[in-house]
Each structure stands twice: as structure tokens, then as C-alpha cells.
Amino acid sequence: MDRRVFTLGTAAMALLLGSCGPTPQLKVKEAVLTLSPVDSNPSSYHFNVYGGPQDVYLLRVSTPSAIRTEMHDVSVDPKTGAVSMSPMQRVLIPSGKKVEFKRGGKHVMMWGVNLIPRRLGEIETEFLFSNNERILVKARVQEMDGTDPDEKKALN
Ligand SMILES: [Cu+2]
């Protein structure tokens with residue numbers, strides 16, 4: 001008798017959980033690094049971050065293949081229309097929401113991208129979040145026109 005009640009309870013619980021849908025997973029996708037045509041200027045890194053089961057902050061994007069990285073936001077002066085960039089220490093990634101780092105908006109700037117990603121056409125990056133989660137992302141590397149890096153073309 002007791003066992004039967006227990007079984008029914010478990011089944012009811014499974015139904016309840018099932019109706020909530022899949023739990024959102026914190027992830028980074030569509031990552032592309034666009035090289036600056038001038039080597040001394042920073043390259044720009046764009047991607048989408050998809051929020052997980054809880055709100056977190058993106059604290060840092062780093063790579064062993066560049067000297068320095070910074071997260072930037074872009075703002076436009078409503079009076080003059082002048083565009084300016086400012087560094088961000090952290091970016092809120094709301095649960096289940098997509099946060100875009102894209103051309104004309106939030107982005108990561110990378111100084112001193114070395115020869116390894118330029119020859120491979122891809123770069124390894126690490127995203128650090130406030131819940132201590134680290135996500136490794138391999139991103140495509142391209143020139144401004146969307147083609148492979150010149151250093152990779154030279155090898156073919
Ligand atoms: Cu910038």
C-alpha cells in the first residue's frame with residue numbers, strides 16, 4: 001500500500017518537472033574575431049551569449065593568443081552623433097536571454113593578436129562568469145572582408 005502511493009507520487013512529480021521545459025544553458029555561440037587591417041590597431045571580437053538557469057555577469061574574455069583584451073560598449077552622443085567606446089567591467093547575462101556582442105554595439109577588443117590564430121584561422125578564447133563558470137570558445141578569425149586571415153591564405 002505504501003509503495004503504491006510512493007510510485008504515484010513520483011510519476012506526478014515527473015509530469016510536473018516535464019511541463020517546465022528544458023533548463024536554459026549558459027553558452028557562447030556565433031563567435032568571430034575580425035582582424036584590424038592595421039596590425040597595431042585592436043581587432044574586434046563579436047559573439048552571442050545565451051543566459052543559463054540564473055542571472056550571471058560576464059566578467060572577462062581572455063585568450064592566450066593576444067596581449068590584451070577589453071570589453072567595450074558603444075554609445076552615441078544624442079546631440080553631436082559622435083560615437084564613443086567605453087570599457088565595461090562586467091555585463092549582465094539575464095537567465096534565458098540572449099546578449100549580443102555585435103558590430104556597432106558591445107564588443108571585445110583584442111590587442112596584439114599573434115601569428116597562431118592568424119595562420120590557423122581560429123582562436124581559442126575563455127569566458128569567465130560571476131558564478132565561476134568558464135566557457136572555452138574556439139572562434140573563426142577573419143579579415144574585415146570576411147575572408148581567411150592573410151597569413152592563412154599565404155600558407156595555401
Ligand atoms: Cu572597442
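The following refers to the structure shown. Because the structure is predicted, anything quoted here is derived from the model rather than measured. (Residues numbered from 1 in each chain as written. Predicted model: local features only at pLDDT ≥ 70, side-chain atom pairs only at ≥ 80, totals over all residues. Heavy atoms only, no water.)

### Structural notes on the environment of K138
- Structurally, K138 can be placed in strand β10 (residues 134-142).
- Looking at K138, the relative accessible area reads 54%, which means it is exposed.
- For the pair K138 and A31, spaced 107 residues apart in sequence, the C-alpha to C-alpha distance is 7.7 Å.
- Sequence-distant contacts of K138, defined by excluding residues within four places in its chain, comprise E122, I123 and E124. (Helix = DSSP H or I, 4+ residues; strand = E, 2+ residues; numbered from the N terminus. Buried < 20%, exposed > 50% of the residue type's maximum accessible area, 1.4 Å probe, protein only. Contact = heavy atoms within 4.5 Å.)

### Some words on the coordination of the copper ion
- At 2.1 to 2.4 Å from the copper ion lie its protein donor atoms, namely H72 (ND1), M85 (SD), H107 (NE2) and M109 (SD).
- Classification of the site at the copper ion rests on its 4 donor atoms, whose angles at the metal span 91 to 121 degrees, yielding the label tetrahedral.
- In the primary sequence, the donor residues of the copper ion line up as H-x12-M-x21-H-x1-M. Of this pair, M85 sits in strand β5 (residues 83-87) while M109 sits in strand β8 (residues 107-111); the two residues are 24 residues apart in sequence, bridging distant segments of the chain.
- On the basis of relative accessible area, M85 is assigned to the partly exposed category, the value being 43%. (Donors = N, O, S within 2.8 Å, 3.2 Å for Na, K, Ca; no water. Tetrahedral: all angles 85-135°; square planar, octahedral: opposite > 155°, others 65-115°.)

### Here's the deal with the pairing of β5
- Looking at chain direction, strand β4 (residues 68-76) and β5 are connected through 5 bridges and run antiparallel. Looking at β5, one finds that D73 is bridged to S86.
- Counted along the chain from β4 to the antiparallel partner β5, the turn is 6 residues long, and its residue G81 has a positive phi close to 80 degrees. (Pairing = 2+ DSSP bridges.)

### A look at the packing of aromatic side chains
- Counted according to the given criterion, the structure contains 4 aromatic pairs.
- Judged by centre distance (4.4 Å) and plane angle (25 degrees), the ring pair of F47 and F101 falls under stacked. Of this pair, F47 sits in strand β2 (residues 43-50) while F101 sits in strand β7 (residues 98-101); the two residues are 54 residues apart in sequence, bridging distant segments of the chain. Both residues of the pair, F47 and F101, belong to the buried class.
- Ring-pair connections join several aromatic residues into one group, and the members of that group are Y45, F47, F101 and F127.
- One Lys or Arg, R68, reaches over the ring of W111 and ends 4.1 Å from the middle of that ring.
- Lying across the ring of Y57, R90 places its NZ or CZ 3.9 Å from the centre. (Phe/Tyr/Trp six-rings, centres within 6.5 Å; stacked < 30°, edge-to-face > 60°. Lys NZ or Arg CZ within 6 Å of the ring centre and 35° of its normal.)

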